[in-house]
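Residue-level structure breakdown
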Amino acid sequence: MEPAAYAGIPRISLTGPPRQRGRQYGEQAQARIRQSMVAYQRVFAHYTDWSWAKVVRQASRYVRAIEDFAPAAIEEMRGIAEGAGVTFGDVLALNVRSEVMFASAGQGRANLSTVLANECTSFAVLPEASRGGHTLVGQNWDWLLHARDTVLLVDVRRDDGPDYVTIVEAGLLAKTGVNAAGVATCTNTLVSLLNDQAPGVPYHVLLRKLLDAPSITDAVSDVITADKALSANYLLGQVDGLAIDLEVVPGGPGSVRVLMPERGLLAHTNHYVSPEFVKSGNWLAMNPGTFFRLHCMGSDLEREAPDITVESLRKALSDHRNFPQGVCAHGDRRRSEYERYATIASVIYDLDAREIHLAAGLPCQASYQTYRFEPPGGLAETGQAQRHVTSA
């Protein structure tokens, strides 16, 4: 039976220690996890000559780094595999799919890393820039079209850390999310010339670890100290009016550059902004549209400040300038389904109201459903559904 849907996105609820949570995840999302596996088998087949068995072998190189950094993540993945009736290697491969994509880049008909260069527009709005003095954080998550059929809302209640909610592809540990400590995580992939394929902490494992953080300081420390396998961007916000953006390249503490809010605003897309990292970015040939998305998101925020609301953020996330590759990404129909990315979900976290505003698919068309994140009772639907429609 398919889990109950929130805003068109199936929700699964997990409790208990890591292995038990994983089993519950696998049992509740078995069909979607298997669908994720099939989808990525087809993606790798389209771009390279790598079989799924080869992808699984490549992913196994990261086990030691994960065990050293986040052993509970290994237990969760083992539980997911047991619950879904697949192998641990299958689940590991899903969680290391970004690293494997870079490892296989240039070994087939097209460069898989060009897909990663188009993923997401994120933002943070601090109290001085918002109506009512709330801290608002969120993003459009853009990815390959198959993710519309595999996306989940994972609602976790536990005793070994803060409760959390994450919006993620089935089988993966985490993507964007918020925890009971009021720490929200948004993210953008970055493509760097410094990606060297050395085993380290995988991108999605680090995203999962950030949801354990009792404060934004702890989350920043996790990003800095991790021996990161992949370039990425982490935009973090906390309920008491704080936000930070961390651009990273592979490596340890020296691999991070910090961007702080200006006039209470932060925004990021898929290119480096830190002067020290700009030359390491490999975005120009892959995704020049990232510059326009950052400009559009930034200009929309600046126009509405200091009176930004959830509704004005919905409009900003529906921005169609540079269609179809705008902030609201509709997918370039000139490309095949395995090369076409579009907005999979749009989310706004109101950290003061403890609300999640979530839309499945294109924010210009979908209804945003509002849920209150109230531990220990979990997600509660408020009954508020607002539709925002703009013309392309």
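Residues numbered from 1 in each chain as written. Predicted model: local features only at pLDDT ≥ 70, side-chain atom pairs only at ≥ 80, totals over all residues. Heavy atoms only, no water.

Looking now at the overall build of the protein chain. For the protein chain, the count of helices and strands is 13 helices and 16 strands. Put simply, the protein chain has 392 residues, and 63% of those count as buried. Partitioning the contacts of the protein chain with sequence separation of at least 6, the portion at a separation of at least 24 is 64%. (Helix = DSSP H or I, 4+ residues; strand = E, 2+ residues; numbered from the N terminus. Buried < 20%, exposed > 50% of the residue type's maximum accessible area, 1.4 Å probe, protein only. Contact = heavy atoms within 4.5 Å.)

The element strand E2 (residues 9-15) is extensively covered by neighbouring structure, given that five of its seven residues are classed as buried. Pairing of E2 with strand E5 (residues 151-157), which is carried by five bridges, proceeds in the parallel orientation. Bridged to Arg 11 within E5 is Leu 153. (Pairing = 2+ DSSP bridges.)

With 16 residues, helix H12 (residues 289-304) extends 23 Å between its outermost C-alpha atoms, agreeing within 8% with the 22 Å of an ideal straight helix rising 1.5 Å per residue. Of the residues making up H12, those classed as buried are Gly 289, Thr 290, Arg 293, Cys 296, Met 297, Gly 298, Ser 299, Asp 300 and Leu 301. (Expected span 1.5 Å × (residues − 1).)

Attention now goes to the environment of Ser 215. Among the secondary structure elements, Ser 215 is positioned in the loop between helix H9 (203-210) and helix H10 (216-225). Sequence separation between Ser 215 and Gly 182 is 33 residues; the distance between their C-alpha atoms is 7.8 Å. The contact partners of Ser 215, leaving out residues within four places of it in the chain, are Val 183 and Gln 238.

Counted according to the given criterion, the structure contains two aromatic pairs. Relative to Phe 277, the ring of Tyr 272 lies with its centre 5.5 Å away and its plane at 80 degrees, an arrangement referred to as edge-to-face. Residue class for Tyr 272 comes out buried when judged on its relative accessible area of 2%. Over the face of the ring belonging to Phe 69 we find Lys 209, whose NZ or CZ atom lies 5.6 Å from the ring centre. (Phe/Tyr/Trp six-rings, centres within 6.5 Å; stacked < 30°, edge-to-face > 60°. Lys NZ or Arg CZ within 6 Å of the ring centre and 35° of its normal.)

Attention now moves to the confidence of the model for the protein chain. Residues of the protein chain with pLDDT of at least 70 account for 88%, and the chain-wide mean is 90. Confidence over residues 387-392 falls short of pLDDT 50; this stretch has 18 contacts with residues more than four positions distant or in other chains. (pLDDT = per-residue confidence, 0-100.)

As enumerated under the stated definition, the model contains 25 salt bridges in all. Residues Asp 155 and Arg 157 are paired through a salt bridge, measuring 2.2 Å at the closest nitrogen-oxygen approach. Ionic pairing is found between Arg 303 and Asp 300, a salt bridge with its closest N-O pair at 2.9 Å. In this pair, Arg 303 and Asp 300 are both assigned in helix H12, three residues apart and thus about one turn of the helix distant. The class of Arg 303 is exposed, set by a relative accessible area of 55%. The exposure class assigned to Asp 300 is buried, which follows from its relative accessible area of 5%. (Salt bridge = Lys/Arg side-chain N within 4 Å of Asp/Glu carboxyl O.)

On to the packing of H9 against H10. Each pair of packed helices can be summarised by the angle the axes make with each other and by the distance between the axes. Running from N to C, H9 and H10 cross one another at 160 degrees; their axes reach a closest spacing of 9 Å. Our classification of the angle between H9 and H10 gives roughly antiparallel. As for the relative orientation of H9 and H10, their crossing is right-handed in sense. Here H9 contributes Leu 206, Lys 209 and Leu 210 to the contact with H10, which in turn contributes Ala 219, Asp 222 and Val 223. (Axes fitted to C-alpha atoms, helices over the stretch in contact; angles between N-to-C directions. Parallel < 35°, antiparallel > 145°, perpendicular 65-115°, else oblique. Left-handed = near helix turned anticlockwise from the far one by under 90°.)

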